[in-house]
Amino acid sequence: MLKHVDPDILKVTNAFMYTEYPHKSFWDINMKDADYRKALLELLTSDPDVPLMLYVHILYCTELCWFCTCHIDKATKDYDLRLKYLETLFMEIDLLKKFLDQNSLKPNFKEIHLGGGSPTDLKMDDFDRLTEKLGLLVDIKTTDEFSIEVDPRHTTREMLRHYHENGINRISIGVQDFDPEVQKAINRIQPIELVEELMAPEIVKLFPNGINFDIICGLPHQTNETIRKTAEECVRLGPDRICLNYLHLAPEFAKHQNLMSDGKYGRPDRLPDYYQRKDLFVTALETLSDGGYVRTGYDHFSKPTDAVAKAMKEGRMRWNALGVTAGRYAGVIGVGVHSYNTIGNHYFQNVYNVPEYQQVLARGLFPIFRGHELNQDDLIRRDVIQTLRSFFSIDFVSIDEKYSINFENYFGKELAELNDFVADELVEIKDRAIIITGKGHQFANTVCYVFDNYKKDRPKF
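Residues numbered from 1 in each chain as written. Predicted model: local features only at pLDDT ≥ 70, side-chain atom pairs only at ≥ 80, totals over all residues. Heavy atoms only, no water.

Undergrad: An account of the overall build of the protein is needed here, citing residue identities and associated values.
TA: A tally of regular secondary structure across the protein gives 17 helices and 17 strands. In terms of C-alpha radius of gyration, the protein reaches 22 Å, essentially the compact-globule figure of 23 Å for 461 residues. The principal-axis extents of the C-alpha atoms in the protein amount to approximately 60 × 50 × 45 Å. Burial statistics for the protein: of 461 residues in total, 57% are counted as buried. Between the centroid of the 56 positive side chains of the protein and the centroid of its 70 negative side chains there is a distance of 2 Å. (Helix = DSSP H or I, 4+ residues; strand = E, 2+ residues; numbered from the N terminus. Rg over C-alpha atoms; globule rule 2.2 N^0.38 Å. Buried < 20%, exposed > 50% of the residue type's maximum accessible area, 1.4 Å probe, protein only. Lys, Arg positive; Asp, Glu negative; His and termini not counted. Charge placed at Lys NZ, Arg CZ, Asp CG, Glu CD.)

Undergrad: If you had to explain the confidence of the model for the protein to someone new, which residues and values would you point to?
TA: Put simply, the protein has an average pLDDT of 92, and 92% of its residues get 70 or more. Here residues 457-461 scores under 50 on pLDDT; set against residues more than four positions off or in separate chains, the count is 22 contacts. (pLDDT = per-residue confidence, 0-100. Contact = heavy atoms within 4.5 Å.)

Undergrad: Go over the pattern of salt bridges, please, and point to the residues and values.
TA: Once their charged atoms are close, side chains differing in charge can pair, the charge on each being opposite to the other. On inspection of all chains with the given rule, the structure shows 32 salt bridges. The closest approach of N and O atoms between Asp151 and Arg153, which form a salt bridge, is 2.9 Å. What makes Arg153 buried here is its relative accessible area of 17%. The salt bridge partner of Arg241 is Asp306, with a shortest N-O separation of 2.7 Å. A residue pair is termed long-range when its members are at least 10 positions apart, and Arg241 in strand S6 (residues 241-246) and Asp306 in the loop between strand S8 (300-302) and helix H10 (307-313) qualify at 65 residues. On the basis of relative accessible area, Arg241 is assigned to the buried category, the value being 7%. Given the relative accessible area of 5%, Asp306 is considered buried. Residues joined in a network through salt bridges with shared partners are Glu63, Asp151, Arg153 and Arg188. (Salt bridge = Lys/Arg side-chain N within 4 Å of Asp/Glu carboxyl O.)

Undergrad: Can you explain the environment of Arg157? Please cite residues and give values.
TA: Mapped onto the elements of the fold, Arg157 is located in helix H4 (residues 157-165). The residues contacting Arg157, other than those within four sequence positions of it, are Glu197, Leu198, Ala200, Glu202 and Ile203. A polar contact is formed between the side chain of Arg157 and the backbone oxygen of Glu197, at a distance of 2.9 Å. (Polar contact = N/O pair within 3.5 Å; in protein donor to acceptor, adjacent residues only side chain to side chain.)

Undergrad: Please set out helix H12 (residues 376-391) residue by residue, giving values where relevant.
TA: In a regular helix each residue adds 1.5 Å, so 16 residues correspond to 22 Å; H12 covers 22 Å between its end C-alpha atoms and thus fits that length. Extensive coverage of H12 is indicated by the burial of 14 of its 16 residues. Among the residues of H12, the N-terminal cap falls to Asn375, whose side-chain oxygen and the backbone nitrogen of Asp377 are separated by 3.0 Å. (Expected span 1.5 Å × (residues − 1).)

Undergrad: Before we move on, could you go through the packing of aromatic side chains and cite the residues and values that matter?
TA: This structure, assessed with the given rule, holds 18 aromatic pairs. An angle of 85° between the planes, with centres 5.5 Å apart, marks the rings of Tyr36 and Phe348 as edge-to-face. Of this pair, Tyr36 sits in helix H1 (residues 33-46) while Phe348 is found in strand S13 (residues 346-350), placing the two residues 312 residues apart along the sequence. Of the two residues, Tyr36 and Phe348, neither departs from the other in class, the shared state being buried. Cluster of aromatic residues (ring-pair linked, three or more members): Phe396, Phe407, Tyr410, Phe411 and Phe451. Taking the ring centre of Tyr340 as reference, the NZ or CZ of Lys24 above it sits at 6.0 Å. Over the aromatic face of Trp319 sits the side chain of Arg389, whose NZ or CZ is 3.7 Å from the ring centroid. (Phe/Tyr/Trp six-rings, centres within 6.5 Å; stacked < 30°, edge-to-face > 60°. Lys NZ or Arg CZ within 6 Å of the ring centre and 35° of its normal.)

Next comes the structure, spelled out in structure tokens:
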């Protein structure tokens, strides 16, 4: 249970989760193909060995989960749509290959991640065509990690063996919750036996980089008892990592989230409130900790032997839109609808709309929807936010030396705002450091919000 926390502290509900800084809503829709080409050329010319991830977004899901805010275009059983999308995705990969060849560039891809959508909805021969096409950009055999997101409702042991044979060495399984009533309320009926089938010892050993479970906190019908049982089942099944995300409720964007109200469009009023979500998270946290998992940042956990746990100890752990990473790459090049890029001091995001995606590529242009060039202040604040979110503390000296500033002078206003957090025992400021206390760990994103220079309506207690 959430112990000794004043309920008034829990009034803040609108702090960003900071999958990037600044938030995408502040990016420039006028940044397009030419800006992307320039940024990519500058990065790979100035630092050809910079380690990168190749992110591949596979569109479409067979069924729509009502909690989802991922961009999947729509849920469909029409496989022809997947084939058409795959061919368009291949056009983008070919365009990227052409650009790289024309400029004698060879990205240093250390990792590949297949996300979605549901990449495991692809038939095996189409998966093979995809990996063959990716081979134009990267030698899969030389990468440190090749991972795929797995929907256990549509994945078999045979499929996992095939992925392994084609270079996949890490999988992330979408669990969300093991309770049948919760599953029904989010339109994701997924008996635990489906996950157990994929966690057989002979399968687990095929993925030496580990297996991740995605769990969501704050779903309809979740109680402390149900989430404790879900966490206990996670401990029993033994994945290497667990991502315990809070439900991102954005029905204005994902209208289907309103279906969580008895399957009919209406306000999803059976959801745990903000206090209850925090309480649920702590129940799961305590269960996972008792089961031997260590907390790796704000909402992730791993076994002590996992690469992320080791990276956290060594200060190399990083956070991005895909979660915590072992810090093997410094940037992301993404292909596919809605995919994102982190290229040097630039962000870019592809278009959301499939017809537009096809039309832009047909013109020989990269399908960029918006972008952002980070200025020095962005870089400093991103560093502070990500460090606090990942490690729950920051040493002023490290920022002073890295950016040639004086932390107290630069962030005088923000340090004054943190006094309210100090009074509530969520934060300590001493020895030229900010330390988020154990009590404050559940509110790290709110602490980070203080350093956000783009949101003017910062929370006040």
